[in-house]
Amino acid sequence: RERTGSSVDTRLLGTAMHELVDAMARLAGFRYEGIDPETLEPTFSTPGDTLLTFERLPARARHLVCFAALSIRTLWAAYPGRDPRMAEGVVAIDEIDLHQDDAVAERIVSTLRHGLPRVQWIVTTTSAVVAGSVSDHEVLALRNGDGDRCEHNQTVRGQLMPVLVSAAFPVCARFPADADHADA
């Protein structure tokens, strides 16, 4: 918020936005170039240096960019004037792996964590790749069946807690093996 006499430094927002949007766009093979000064549209480039607007990115890249931009913008709204990269918050993302290949899905969580280290990430996924990208204690596996029980491990404040929910994927492949979960 730029106001006359305001001490809010919007460069913090701009820097945080650029860093995380670029990191997420790079997962899909694009670079974030910034805001076009004439159109005020976010601009990205391909490996061959072709410039693209947000709308011209493939869906998988748009999803990644939105995970970053919406998280940063929400943190800025909650803590105006504070660096969003150091803000605490909780961000929930449903089906984080939607439209992503395994190589990208494996890196989404670590990229978000690196960019916003004080955020607690709660994501849903049916991807064993996403679940495998975090520690066992960070996975909460929900399954429908066996009396509709819900089982989980401890979670740590400020850490990711992937949630696996799917009739087609009823048991998380990363669920700790023990006698009660021999079918996992």
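An account of the accompanying structure is given in this report. Fair warning: this is a prediction, and the values are worked out from it, not measured in the lab.

**Quick notes on the environment of Pro42**
Moving on, step 1. Inspection of the secondary structure puts Pro42 in strand β2 (residues 42–45).
Moving on, step 2. If we skip the residues at most four places from it in the chain, Pro42 touches Tyr32, Gly34, Ile35, Leu52, Thr53 and Phe54.

**With respect to the packing of helix α1 (residues 11–27) against helix α3 (residues 102–115)**
Moving on, step 1. Interaxial distance between α1 and α3 falls to 10 Å at its minimum, and their mutual angle equals 170 degrees. By the criterion of interaxial angle, the relationship of α1 to α3 is roughly antiparallel. Between α1 and α3, the residues in contact are Leu20, Ala23, Met24 and Leu27 and Val104, Arg107, Ile108, Thr111, Leu112 and Gly115, respectively.
Moving on, step 2. Residue composition of the contact of α1 with α3, grouped by class: seven nonpolar, two polar and one charged.

**Some remarks on the pattern of salt bridges**
Moving on, step 1. Applying the stated criterion across every chain, the model contains eight salt bridges.
Moving on, step 2. Between Glu33 and Arg31 there is a salt bridge, with its nearest N and O atoms 3.2 Å apart.
Moving on, step 3. The exposure class assigned to Arg31 is partly exposed, which follows from its relative accessible area of 26%.
Moving on, step 4. The partner of Arg113 in a salt bridge is Glu138, with the nearest N and O atoms 2.5 Å apart. Placement of Arg113 in helix α3 and of Glu138 in the loop between α4 (128–132) and β6 (140–142) is noted, with a sequence separation of 25 residues between them.
Moving on, step 5. In this structure Arg113 comes out as partly exposed when scored by relative accessible area, which is 22%.

**Comments concerning the pairing of strand β1 (residues 31–35)**
Moving on, step 1. As judged from the four bridges shared by β1 and β2, these two strands associate in the antiparallel manner. Bridged to Ile35 within β2 is Pro42.
Moving on, step 2. Here β1 hands over to β2 after six residues, with Leu40 in that stretch at a positive phi of 60 degrees.

**Remarks on α1**
Moving on, step 1. Helix length check: α1, at 17 residues, gives a terminal C-alpha distance of 24 Å against a target of 24 Å (1.5 Å per residue), a fit within 8%.
Moving on, step 2. For α1, the complete set of buried residues consists of Leu13, Ala16, Met17, Leu20, Val21, Asp22, Met24, Ala25 and Leu27.
Moving on, step 3. Residues of α1 that are buried in the fold lie against β1, β2, α2 (59–78) and α3.

**Regarding α3**
Moving on, step 1. Given a rise of 1.5 Å per residue, 14 residues ought to cover 20 Å, and the 21 Å separating the end C-alpha atoms of α3 matches this to within 8%.
Moving on, step 2. At Ile108, α3 shows its largest bend, some 35 degrees.
Moving on, step 3. Among the residues making up α3, those that are buried are Val104, Ala105, Ile108, Val109, Thr111, Leu112 and Gly115.
Moving on, step 4. For α3, the secondary structure elements touched by its buried residues are α1, α2, β4 (89–93), β5 (119–125) and α4.
Moving on, step 5. Where α3 begins, the side chain of Asp101 points an oxygen toward the backbone nitrogen of Ala103, at a separation of 3.3 Å.

What counts and how
Residues numbered from 1 in each chain as written. Predicted model: local features only at pLDDT ≥ 70, side-chain atom pairs only at ≥ 80, totals over all residues. Heavy atoms only, no water. Helix = DSSP H or I, 4+ residues; strand = E, 2+ residues; numbered from the N terminus. Contact = heavy atoms within 4.5 Å. Axes fitted to C-alpha atoms, helices over the stretch in contact; angles between N-to-C directions. Parallel < 35°, antiparallel > 145°, perpendicular 65-115°, else oblique. Nonpolar A, V, L, I, M, F, W, Y, C, P; charged D, E, K, R; others polar. Salt bridge = Lys/Arg side-chain N within 4 Å of Asp/Glu carboxyl O. Buried < 20%, exposed > 50% of the residue type's maximum accessible area, 1.4 Å probe, protein only. Pairing = 2+ DSSP bridges. Expected span 1.5 Å × (residues − 1). Bend = angle between axes of the 7 residues up to and from the residue. Polar contact = N/O pair within 3.5 Å; in protein donor to acceptor, adjacent residues only side chain to side chain.

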